[in-house]
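# A closer look at the structure
Chain by chain, the residues run as shown.
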Amino acid sequence: MNELEPIRVELGARSYAVHVGRGNLGTVGARTRAAAAGAPVALVTNPTVDALWGDRVRASLAEAGVAATTIEIPDGERHKNVATLASLWGRLAEARIERGGLLLALGGGVVGDVTGFAAATWLRGVAFAQVPTTLVAQIDAAIGGKTAIDLPAGKNLVGAFHQPGFVLSDVEVLDSLPEREYRAGLAEVVKTGAILSAGLFERLETESGRVLARDPDLLLDVVHECSRLKATVVSADETEGDGRAILNFGHTLGHAVEALQGYEGILHGEAVSIGMAFATGMSEGRGFLRPSTGRRVRDLLRRFGLPTEVPAGLAAAALARAMEADKKRAAGRVRFVCLEDLGRTRFEALSTADLEGLVSEHLGKNVG
Ligand SMILES: NC(=O)c1ccc[n+]([C@@H]2O[C@H](COP(=O)([O-])OP(=O)(O)OC[C@H]3O[C@@H](n4cnc5c(N)ncnc54)[C@H](O)[C@@H]3O)[C@@H](O)[C@H]2O)c1
Ligand SMILES: [Zn+2]
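The structure displayed is predicted, hence computed values, not measured ones.

### Observations regarding the site of ligand 1
Around ligand 1, 28 residues are found, and the nearest of them are Gly-108, Gly-109, Thr-133, Thr-134 and Ala-141. A class-by-class count of the residues in the shell around ligand 1 yields nine nonpolar, eleven polar and eight charged.

### What about the packing of helix α14 (residues 316–325) against helix α15 (residues 352–364)?
As a packed pair, α14 and α15 sit with axes 8 Å apart at the nearest point and diverge in direction by 135°. Relative to α15, the element α14 lies oblique. Considering how the two elements wind past one another, α14 and α15 form a crossing that is right-handed. Across from Ala-316, Ala-317, Leu-319, Ala-320, Arg-321, Met-323 and Glu-324 in α14, the residues of α15 making contact are Thr-352, Leu-355, Glu-356, Val-359, Ser-360 and Leu-363. The residue makeup of the contact of α14 with α15, split by class, is eight nonpolar, two polar and three charged.

### Side note on the pairing of strand β7 (residues 127–132)
The buried fraction of β7 is high, at six of six residues. Neither face of β7 is left uncovered, since the one carrying Ala-127, Ala-129 and Val-131 and the one carrying Phe-128, Gln-130 and Pro-132 both have all their residues buried. In the classification by handedness, the crossover that spans strand β6 (residues 102–107), the intervening helix α4 (residues 109–121) and the parallel β7 is right-handed.

### Focus on the nonpolar core
Soluble globular proteins: nonpolar side chains tend toward being buried together. If you look at the biggest cluster of nonpolar residues, it comprises 112 residues, and the most contacted ones within it are Ala-42, Val-44, Leu-103, Leu-104 and Val-190. Each of domain 1 (2–176) and domain 2 (181–364) accounts for three or more of the residues forming this core.

### Some words on the pairing of strand β3 (residues 16–22)
Where burial is concerned, most of β3 is hidden: six out of the seven residues are buried. Pairing geometry for strand β1 (residues 2–3) and β3, over two bridges, is antiparallel. Each residue of the ladder has a partner; that of Asn-2, found in β3, is Arg-22. In this sheet, β3 lies alongside strand β2 (residues 7–9) in antiparallel orientation, the contact comprising three bridges. Across the sheet, Ile-7 pairs through a bridge with Val-18, a residue of β3. Following β2, the chain reverses through six residues before pairing antiparallel with β3; Gly-12 in that reversal takes a positive phi of roughly 55°.

### Quick word on the domain arrangement of the chain
According to the domain assignment, the chain contains domain 1 (2–176) and domain 2 (181–364). Here the C-alpha centre of domain 2 lies 26 Å away from the C-alpha centre of domain 1. On the side of domain 2, 25 residues touch domain 1, which itself brings 24 residues to the contact. For the side of domain 1 that touches domain 2, the secondary-structure elements that each account for two or more residues are β2, β3 and α5 (135–141). Top contributing element to the side of domain 1 that touches domain 2 by residue count: α5, with five residues.

Calculation criteria
Residues numbered from 1 in each chain as written. Chains lettered and ligands numbered in written order. Predicted model: local features only at pLDDT ≥ 70, side-chain atom pairs only at ≥ 80, totals over all residues. Near = placed C-beta within 6 Å. Nonpolar A, V, L, I, M, F, W, Y, C, P; charged D, E, K, R; others polar. Axes fitted to C-alpha atoms, helices over the stretch in contact; angles between N-to-C directions. Helix = DSSP H or I, 4+ residues; strand = E, 2+ residues; numbered from the N terminus. Parallel < 35°, antiparallel > 145°, perpendicular 65-115°, else oblique. Left-handed = near helix turned anticlockwise from the far one by under 90°. Contact = placed C-beta atoms within 7 Å. Buried ≥ 20, exposed ≤ 12 C-beta atoms within 10 Å, placed from the backbone. Right-handed = clockwise from strand over helix to strand, strands pointing away. Core = buried A, V, L, I, M, F, W, Y, C linked by C-beta atoms within 7 Å. Domains from an automatic or database assignment. Pairing = 2+ DSSP bridges.

Have a look at this one:
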């Protein structure tokens, strides 16, 4: 097993470590024992992940003398809802998870978000820990303490900030991730480089082949570096002021595309890729970003097999309305994240009319 230096998320009394390694899944038992201190533990996962990695985690828990009840929730974003949450609460009662108990989330962002929100609400808040198993969850969803469920009215509308006690990422579990899910995760990797680190971005460019091949050493470095960057942002801004809001780069149009597609047929990362292509083009149009730099971002996304064009049939007016409805706005204007250079962003306050104009312009031309 190979584990890199632990990353600290610094939030005073709620600080915690993110452990990134390869083959370090077997440390989950000892870490859970330390965090739960003898109290009952619920291992929350879904059938897909349980079949692949559940036994390894249970063996590690048993070896550390941790008594854990496995609770499965159904697989898929459409189950990230109040029905799943209610049934999870019922199972926590059956498993007699008490005040000092701990919920251990084993899965992608859906399992992590639901488990985290259950932990925030169960007995007015119990401990939880994250063992993320998708690229998206390892570099993004598991770090930062945002938990949520979806409503028919929109994604992530009900939630809480509730920080985990630890995050344990084993990049080996990414070996079983379907290709499309892996590539969708790469969109968030590209985002991280584009907004926070020119060095990371350049490494992705020069080593794109190894990234796509999931080269073990490179993947470990990339997940560690992205996790470190996310941890830095979260440590500086827990609850989404300007610091954390830059993470929404590509997400304003991305969320609108997802919403108009009814969250079907398109993965979040794919929508964010389309959103980043728009945001770079728009940043160039306003004179903030050199066109050659914008083109590098779009080229890298395409090399990773990600879409950069808005799906046919989505109209500018509908997209602008959906962006306006996205919850990250103030005083009737959307705070749009623009790119100024690799590793540097700025905000623009845009009205719905501005957005509609920019989107129709974008749809009218083929951005290179
Ligand atoms: N809380 C946050 O800050 C935050 C940040 C980003 C995303 N999210 C949320 O995360 C969710 C998306 O997360 P996701 O992309 O991980 O999706 P997901 O949890 O739906 O996982 C994607 C698919 O991969 C499967 N899977 C998971 N691990 C696997 C593995 N190792 N091998 C094979 N298959 C595996 C899952 O069962 C699922 O079918 C969204 O609901 C999003 O809102 C939250
Ligand atoms: Zn995202």
